[in-house]
Amino acid sequence: MAAPRAGLIAPGLIGLTVALRLAAAMALAQPMVSDAQAYFAMAAHAARLQPLADNFGQHAFYSPGYPLALAPFFALFGASLSVALAVNALLAGLAAGLILALARALDLPRAAGGLAALIHALWLPALLNGAVLARENLSTPLMLLVALLAVRIARHGPAPRRLAMAGLACGLALLAGTSALGLIAGPAVALLLATRGALAPLLRGGLALALGLAVVLGPWLAANHAATGTATLSSSAGFNLYLGNNPRATGRFVSISDTPAGPEWHALLAREGEVGAGAELGRRAKAWIAAEPGTAMALAARKLAMFWAPNLPKPGDPAKIALVKAAGAAQFLLVLALGLAGLMLVPLRQPARLTIAALLGAFWATHAATYIIDRYREPAMPLLMLLAAAVVVRFFPKGQTDAA
């Protein structure tokens, strides 16, 4: 009877994840503000087969991946917050399945994969994110998918099909958020390790990876060219660079109204359009960095430290949100400590270890360019959960022999 029971573990963990996300969404759902309003408007437009546009009429400012994931459900069940929160729960269930698959790809004990999926199901920061319209609900399973494909490339060889699939996954992650640019490091490092630097297979693999990226990103670039006159991945790149690099930057998100460009922002946007205004702010950010290199470097280092700072309760948080944040901060510090220990101590095959380290490092480093919001690190946390769980099960003899 052991085998049938074991076969129910994965569906049970996935079902538990979905159920807890739905319960948390009902208990913790917040009003739609800011980015959530933009994503909702974009998804509603897509559900009606209209061009993507946010609540301000911009076409390329917000990343399209998350709204496009919501759109089919909006088309089927109507555009509502409850439908969006249900989709968040389904995406969390997908992430749970990918955690288990990645544990198998890494040859971790079955207990480690199950424990990591359980941690993910009970992960309080994700329960908070699942109760709002946030792109990290999609970015998390996509980062896990990139990690899974990259580990398979590192371990099983640079088959063009694997590289093309990794390119597709990286492209989807970029559509969900441009901060995913660093994830390309995962399959790229895996390709280098798998080919040992041999030129011909390296070129073939690189071409397949680029082709996968192009298949996903090409249509979005074409759509943006038609809507804005520029084939841009995002018109907000310069805007975000400026928010993180200006005389009043703190390392965390600051409103454009609190920056030196604030008084003229709306006039600049009206005059130059979303692409031109973003490009102008990007030029100002680069000029400030060139003029203040020491300050800019210190600020970038501060952002890297902030990336791993716990999300503590803030003044004005409702009591239940403050309680969840406080408990979630304790969870986070424990998983962070065990996960970093696991990256060094868990007996992974070296190509897999380097691939996971490259993914985590590149994703982290990318965030030094702009600004930090606590939820930005959430896509990386399941990788640390896996490593943390692998450390824990090493203390139990059965966990050492029970293969995933």
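These figures come from a predicted structure and were not determined experimentally. (Residues numbered from 1 in each chain as written. Predicted model: local features only at pLDDT ≥ 70, side-chain atom pairs only at ≥ 80, totals over all residues. Heavy atoms only, no water.)

**Structural notes on the nonpolar core**
Spelled out, the test is: Side-chain atoms within 4.5 Å are what join buried Ala, Val, Leu, Ile, Met, Phe, Trp, Tyr and Cys residues into a set we call a nonpolar core. Exposure classes here rest on a 1.4 Å probe applied to the protein chains alone. A residue is buried below 20% of its type maximum, exposed above 50%, and partly exposed in between. Only DSSP runs of H or I with at least four residues qualify as helices, and only runs of E with at least two residues qualify as strands; both kinds are numbered from the N terminus onward.
Core analysis: the largest hydrophobic core is formed by 109 residues, its most contacted members being Leu-102, Leu-108 and Ile-356. Per-element tally for this core: the top contributor is helix α5 (residues 81-105), with 13 residues.

**Section: the packing of helix α4 (residues 65-77) against α5**
When two helices pack together, you describe them by how their axes are tilted relative to each other and by the distance separating the axes. Under the convention used in this document: Note on definitions: angles span 0 to 180 degrees between N-to-C directions of axes, and those axes are lines fitted to C-alpha atoms, for helices only across the stretch in contact. Working rule for angles: under 35 degrees goes down as roughly parallel, over 145 as roughly antiparallel, 65 to 115 as roughly perpendicular, anything else as oblique. Handedness of a crossing follows from how the near helix is turned relative to the far one, being left-handed for an anticlockwise turn of less than a right angle and right-handed for a clockwise one. Should any heavy atoms of two residues lie within 4.5 Å, those residues are counted as being in contact. Following the grouping adopted for this structure description, the nonpolar residues are Ala, Val, Leu, Ile, Met, Phe, Trp, Tyr, Cys and Pro, the charged ones are Asp, Glu, Lys and Arg, and the polar ones are all others, Gly among them.
It is at 10 Å that the axes of α4 and α5 come closest, and there the two elements cross at 120 degrees. One way to sum up the angle between α4 and α5 is to call them oblique. Considering how the two elements wind past one another, α4 and α5 form a crossing that is right-handed. Between α4 and α5, the contacting residues are Tyr-66, Ala-69, Leu-70, Phe-73, Phe-74 and Phe-77 on the first element and Val-83, Ala-84, Val-87, Asn-88, Leu-90 and Leu-91 on the second. Here the contact of α4 with α5 is composed, by residue class, of eleven nonpolar, one polar and no charged.

**Considerations on the environment of Thr-370**
For Thr-370, the location among the structural elements is in the loop between α16 (350-366) and α17 (381-393). Taking the C-alpha atoms as reference, Thr-370 lies 7.7 Å from Gly-251; in sequence the two are 119 residues apart. Excluding anything up to four places from it in sequence, Thr-370 contacts Asn-240, Leu-241, Gly-244 and Lys-303.

**Things to note about the environment of Gly-238**
Within the element layout of this structure, Gly-238 appears in helix α12 (residues 237-244). C-alpha separation for the pair Gly-238 and Leu-118, spaced 120 residues apart in sequence, amounts to 39 Å. Residues within four places of Gly-238 in sequence aside, it is in contact with Gly-278, Leu-281 and Gly-282.

**Some words on unusual backbone geometry**
For Ser-34, which is not glycine, the phi dihedral falls at a positive 55 degrees. On the basis of relative accessibility, which here comes to 48%, the residue Ser-34 falls in the partly exposed class. At Asp-107, a position not held by glycine, the phi torsion is positive, near 60 degrees. With respect to the helices, strands and loops of the structure, Asp-107 is situated in the loop between α5 and α6 (110-121).

**Structural notes on a nonpolar patch on the surface**
The condition that has to hold: Surface patches are drawn from residues lacking salt bridges whose relative accessible area is over 30%; two like charges belong together within 9 Å, two nonpolar side chains (Val, Leu, Ile, Met, Phe, Trp, Tyr) within 5 Å. The accessible surface values rely on the Shrake-Rupley method and a 1.4 Å probe; as for residues, cover is taken only from the protein chains in view. Put simply, a salt bridge is a Lys or Arg side-chain nitrogen that is within 4 Å of an Asp or Glu carboxyl oxygen.
A cluster of nonpolar residues, Leu-16, Leu-118 and Leu-122, forms a patch on the protein surface that exposes about 210 Å² of accessible area. Assessed through its relative accessible area of 31%, Leu-118 is described here as partly exposed.

**A short note on the side chain of Glu-274**
The condition that has to hold: Residues scored as positive are Lys and Arg, those scored as negative are Asp and Glu, and His as well as the terminal groups of each chain are ignored.
Structurally, the position occupied by Glu-274 is in helix α13 (residues 265-291). Here Glu-274 is buried and forms no salt bridge, its nearest opposite-charge partner Arg-283 lying at an N-O distance of 15 Å. Excluding residues that lie within four positions of it along the chain, Glu-274 makes contacts with Gln-58, His-59, Ala-60, Phe-61, Thr-228, Ser-235 and Leu-269.

**Focus: α4**
Worth spelling out the cut-off: A helix is expected to span 1.5 Å for every residue after the first. To obtain the bend at a residue, axes are fitted to the seven residues ending there and to the seven starting there, and the angle between these axes is taken.
Taking 1.5 Å per residue as the helical rise, α4 with its 13 residues ought to reach 18 Å, and the 19 Å between its terminal C-alpha atoms agrees with that figure. By the largest-angle criterion, Ala-71 marks the main kink of α4, which is about 30 degrees, and a proline, Pro-72, follows within four residues. Within α4, the full set of buried residues consists of Gly-65, Tyr-66, Pro-67, Ala-69, Leu-70, Ala-71 and Phe-74. Against the buried residues of α4 lie α3 (35-47), α5, α8 (136-156) and α9 (160-176). At the C-terminal side of α4, Gly-78 shows a positive phi close to 95 degrees.

**Remarks on the pattern of salt bridges**
Applying the stated criterion across every chain, the model contains twelve salt bridges. A salt bridge links Arg-283 to Glu-280, with the nearest nitrogen and oxygen atoms 3.0 Å apart. Residue Arg-283 and its partner Glu-280 are both found in helix α13; the two are separated by three residues, about one turn of the helix. Taken together, the salt bridges that share partners define one network made up of Asp-35, Arg-135, Glu-136 and Arg-375.

No statement about biological role is implied by the geometric values presented.
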